[in-house]
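The chain contents come next:
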Amino acid sequence: MINGPETSSPALLPMGFVDLLPAEAEAEARGLAEVMDVFSCHGYERVRPPLLEFEGSLLSGAGEALAEQSFRLLDPSSHRMMALRPDMTTQIARIAAVRMQDSPRPLRLSYAGDCVVIGTLGREGQRQISQAGIELIGPDRAEADAEVIALGAEALARLGIANVSFDLSMPVMIWSLIEDSFSGVERDSIIHALDRRDAAAVRDCGGPWAELLLGMMAAVGPAAIALEKLAMLDFPDMLKPHVERLKADVTAILARLPDARLTVDPVDFRGWRYHTGVCVTVFAMHSREELGRGGRYLAGEEPACGLTLNPHAFLRVAEKPKRRQRCLVPPVMAQKDLSSLHEAGYATIASLGESGEMEQEAHHLRCSHIWKDGKPVVLAR
């Protein structure tokens, strides 16, 4: 059968792209403003990288890890390939290394914006994602890692999100072993086994590192218990500094957040491959959705640590912002009266007289109040 010409509906959007309607868009804007204010209060200065960059710059260096998730298109002006950013961290690294190379270190930067990812087969449900985050560039210290995580906790607390869990991992440990000791089919097999947490397969495919990998798999859980189990394992010299840094990070985080829920997963190697040290994934205890992710990486040649929060996720578990009450007001009104209503939290809706009388118009426009006798009056239902 020959298909007819493609028909389209104005309501049809590409897979993974959605409209945010008034309540959702307003909640996102307010939530982002709160988060960015927390970052600003701690000296993180906001930057705004472009949504599109030339492929050669965006996907070079650490950006190579983004290549498989990047949409590409041809620039009609320069005839060069460009890429839509799937993540903002490497862009912040570029800004720090090129545009702000002479700025004093430590350099504290914040950012918020949209990214576009290809997604994976069968999981293209969310291709346009929002990000809000911070990057601390310069020091390679556990205290710097702790600062980034502590500010993430403060930002989520500002939104009323309690009972947050920070899950720590050190993907560079697993990747170091894999790249140093496995190749070809063996490499694919051990990656698959670790990803599935298949102990039998790890024992079969792990070669001389099987027992160490199994011990690391068993050292998953609350930070104190996990570190005790890791201390009993015989790590090769190339991994010992990473184990010590993980311990130092836990100590530094608990010094700033004594009541923090910290877990450790030594065999979690998800995320971008540009991470060079400790990584963190943020969850709310009453939600299975990931609220944010971050970790240590190289910003050009400089050590850096960052945390990226996912507004779409954290707003689903945040306290719902109170919607402004709507007050219908005359089309011409004294500015002092308008200002007093706005300061009291009202949204003012100017009457255009389309419904004949103001009360009828107020009902039509979903107003809760009407301006009458010099004050807002509850609209009779």
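Residues numbered from 1 in each chain as written. Predicted model: local features only at pLDDT ≥ 70, side-chain atom pairs only at ≥ 80, totals over all residues. Heavy atoms only, no water.

## Topic: the state of the cysteines
Here is step 1 of the chain: In this structure the tally under the stated criterion is zero disulfides.
Here is step 2 of the chain: Free cysteine: Cys 279, not disulfide-bonded; nearest cysteine sulfur from Cys 305 at 8.5 Å. (Disulfide = S-S within 2.5 Å.)

## Details of the sheet that holds strand S5 (residues 107–116)
Here is step 1 of the chain: Spatially, S1-S5-S6-S12-S11-S10-S7-S9-S8 is the arrangement adopted by the nine strands of the open sheet, whose pairing is mixed. Among the strands making up the open sheet, the edge pair consists of strand S1 (45–46) and strand S8 (221–222).
Here is step 2 of the chain: Bridge count for S5 against strand S6 (residues 128–137) is ten bridges, and the pairing is antiparallel. Each residue of the ladder has a partner; that of Leu 109, found in S6, is Glu 135.
Here is step 3 of the chain: Sheet contacts for helix H10 (residues 240–256): strand S7 (164–169), strand S9 (261–264), strand S10 (275–284) and strand S11 (290–299); angle to S9, the most-contacted strand, approximately 170°. (Pairing = 2+ DSSP bridges. Helix = DSSP H or I, 4+ residues; strand = E, 2+ residues; numbered from the N terminus. Contact = heavy atoms within 4.5 Å. Axes fitted to C-alpha atoms, helices over the stretch in contact; angles between N-to-C directions.)

## Focus on the confidence of the model for the protein
Parts of the model with low pLDDT should not have their predicted coordinates read in detail.
Here is step 1 of the chain: Chain-level pLDDT for the protein is 92 on average; 95% of the residues reach the 70-or-more range.
Here is step 2 of the chain: Of all secondary-structure elements in the protein, the lowest mean pLDDT belongs to helix H11 (residues 311–317), at 90, while S1 reaches the highest, 98.
Here is step 3 of the chain: Residue range residues 1–5 is modelled with pLDDT below 50. Its contacts to residues more than four positions away, or to other chains, number zero contacts. (pLDDT = per-residue confidence, 0-100.)

## Digging into the pattern of salt bridges
Here is step 1 of the chain: Scanning the entire structure with this criterion turns up 21 salt bridges.
Here is step 2 of the chain: Between Asp 37 and Arg 158 there is a salt bridge; the shortest N-O distance is 3.2 Å. Taken together, the residues span a long stretch of sequence, with Asp 37 in helix H1 (residues 22–41) and Arg 158 in helix H4 (residues 142–158) at a distance of 121 residues.
Here is step 3 of the chain: For Arg 296, the salt bridge goes to Asp 145, with nearest N and O atoms at 2.7 Å. You can see Arg 296 sitting in strand S11 and its partner Asp 145 sitting in helix H4, a full 151 residues away along the chain.
Here is step 4 of the chain: The buried category is assigned to Asp 145, whose relative accessible area is 1%. (Salt bridge = Lys/Arg side-chain N within 4 Å of Asp/Glu carboxyl O. Buried < 20%, exposed > 50% of the residue type's maximum accessible area, 1.4 Å probe, protein only.)

## Some words on the environment of Gly 43
Here is step 1 of the chain: With respect to the helices and strands, Gly 43 occurs in the loop between H1 and S1.
Here is step 2 of the chain: For the pair Gly 43 and Arg 108, spaced 65 residues apart in the sequence, the C-alpha separation amounts to 6.7 Å.

## Remarks on helix H3 (residues 89–99)
Here is step 1 of the chain: Restricting attention to buried positions, one finds in H3 the residues Thr 89, Thr 90, Gln 91, Ile 92, Ala 93, Ile 95 and Ala 96.
Here is step 2 of the chain: Of the surrounding elements, those touching the buried residues of H3 are strand S2 (52–54), helix H2 (55–58), S5, S6, S11 and strand S12 (302–309).

## What about unusual backbone geometry?
Here is step 1 of the chain: A cis geometry characterises the amide bond from Arg 105 onward to Pro 106, with omega recorded as 0°.
Here is step 2 of the chain: For Pro 106, the location among the structural elements is in the loop between H3 and S5.

## Describing the pairing of S9
Here is step 1 of the chain: Side-chain alternation along S9 places Leu 262 and Val 264 on a buried face and Arg 261 and Thr 263 on a face that remains uncovered.
Here is step 2 of the chain: In terms of strand pairing, S8 meets S9 through two bridges, oriented antiparallel. Each residue of the ladder has a partner; that of Gly 221, found in S9, is Val 264.

## Points about the packing of aromatic side chains
Here is step 1 of the chain: All told, the structure shown has one aromatic pair when counted by the stated rule.
Here is step 2 of the chain: Centre to centre, the rings of Trp 175 and Phe 269 are 5.3 Å apart; their planes meet at 85°, and the pair counts as edge-to-face. One end of the pair, Trp 175, is in helix H5 (residues 171–181); the other, Phe 269, is in the loop between S9 and S10, and 94 residues separate them in sequence.
Here is step 3 of the chain: Taking relative accessible area as the criterion, Trp 175 reaches 13% and is therefore assigned buried.
Here is step 4 of the chain: Residue classification places Phe 269 among the buried residues on the basis of a relative accessible area of 11%.
Here is step 5 of the chain: We note Arg 80 situated over the ring of Phe 54; from NZ or CZ to the ring centre the distance is 3.8 Å. (Phe/Tyr/Trp six-rings, centres within 6.5 Å; stacked < 30°, edge-to-face > 60°. Lys NZ or Arg CZ within 6 Å of the ring centre and 35° of its normal.)

## Overview of the sheet that holds strand S16 (residues 375–378)
Here is step 1 of the chain: Across the sheet, four strands lie side by side as S14-S13-S15-S16; this open sheet has mixed pairing. Two strands close off the open sheet at either side, each with one partner strand: strand S14 (346–350) and S16. Averaged over all adjacent pairs, the angle separating strand axes in this sheet is 35°, with direction ignored.
Here is step 2 of the chain: Bridge count for strand S15 (residues 369–372) against S16 is four bridges, and the pairing is antiparallel. Note on S16: the bridge partner recorded for Ile 370 is Val 377.
Here is step 3 of the chain: Sheet contacts for helix H12 (residues 335–343): strand S13 (325–329), S14, S15 and S16; angle to S14, the most-contacted strand, approximately 140°.

## Regarding the nonpolar core
Side chains that are nonpolar tend, in soluble globular proteins, to be buried together.
Here is step 1 of the chain: By size, the foremost hydrophobic cluster in this structure holds 72 residues, and its most contacted members are Phe 39, Ile 161, Leu 168, Leu 194, Leu 291 and Phe 314.
Here is step 2 of the chain: Counting residues per element, this core draws most heavily on H4, at nine residues.
Here is step 3 of the chain: Discounting chain neighbours no more than four positions away, the residues touching Ile 161 are Leu 156, Ala 284, Leu 291, Phe 314, Val 317 and Ala 318. (Core = buried A, V, L, I, M, F, W, Y, C linked by side-chain atoms within 4.5 Å.)

## Considering the side chain of His 312
Here is step 1 of the chain: Tracing the chain through its elements places His 312 in helix H11.
Here is step 2 of the chain: Among the polar contacts made by the side chain of His 312, one reaches the side chain of Gln 126 at a distance of 3.2 Å.
Here is step 3 of the chain: In this structure the side chain of His 312 is engaged in a polar contact, spanning 3.4 Å, whose partner is the side chain of Ser 130.
Here is step 4 of the chain: Those residues in contact with His 312 that lie beyond four places of it in its chain are Glu 28, Gln 126, Gln 128, Ile 129 and Ser 130. (Polar contact = N/O pair within 3.5 Å; in protein donor to acceptor, adjacent residues only side chain to side chain.)

## Focus on the packing of H5 against helix H8 (residues 210–218)
Here is step 1 of the chain: As a packed pair, H5 and H8 sit with axes 12 Å apart at the nearest point and diverge in direction by 165°. As summarised for this structure, H5 and H8 are arranged roughly antiparallel, according to the angle between their axes. Handedness of the crossing formed by H5 with H8: left-handed. Contacts from Met 173, Ile 174 and Leu 177 of H5 reach H8 at Leu 212, Leu 213 and Met 216.
Here is step 2 of the chain: Class assignment for the residues of the contact of H5 with H8 results in six nonpolar, no polar and no charged. (Parallel < 35°, antiparallel > 145°, perpendicular 65-115°, else oblique. Left-handed = near helix turned anticlockwise from the far one by under 90°. Nonpolar A, V, L, I, M, F, W, Y, C, P; charged D, E, K, R; others polar.)

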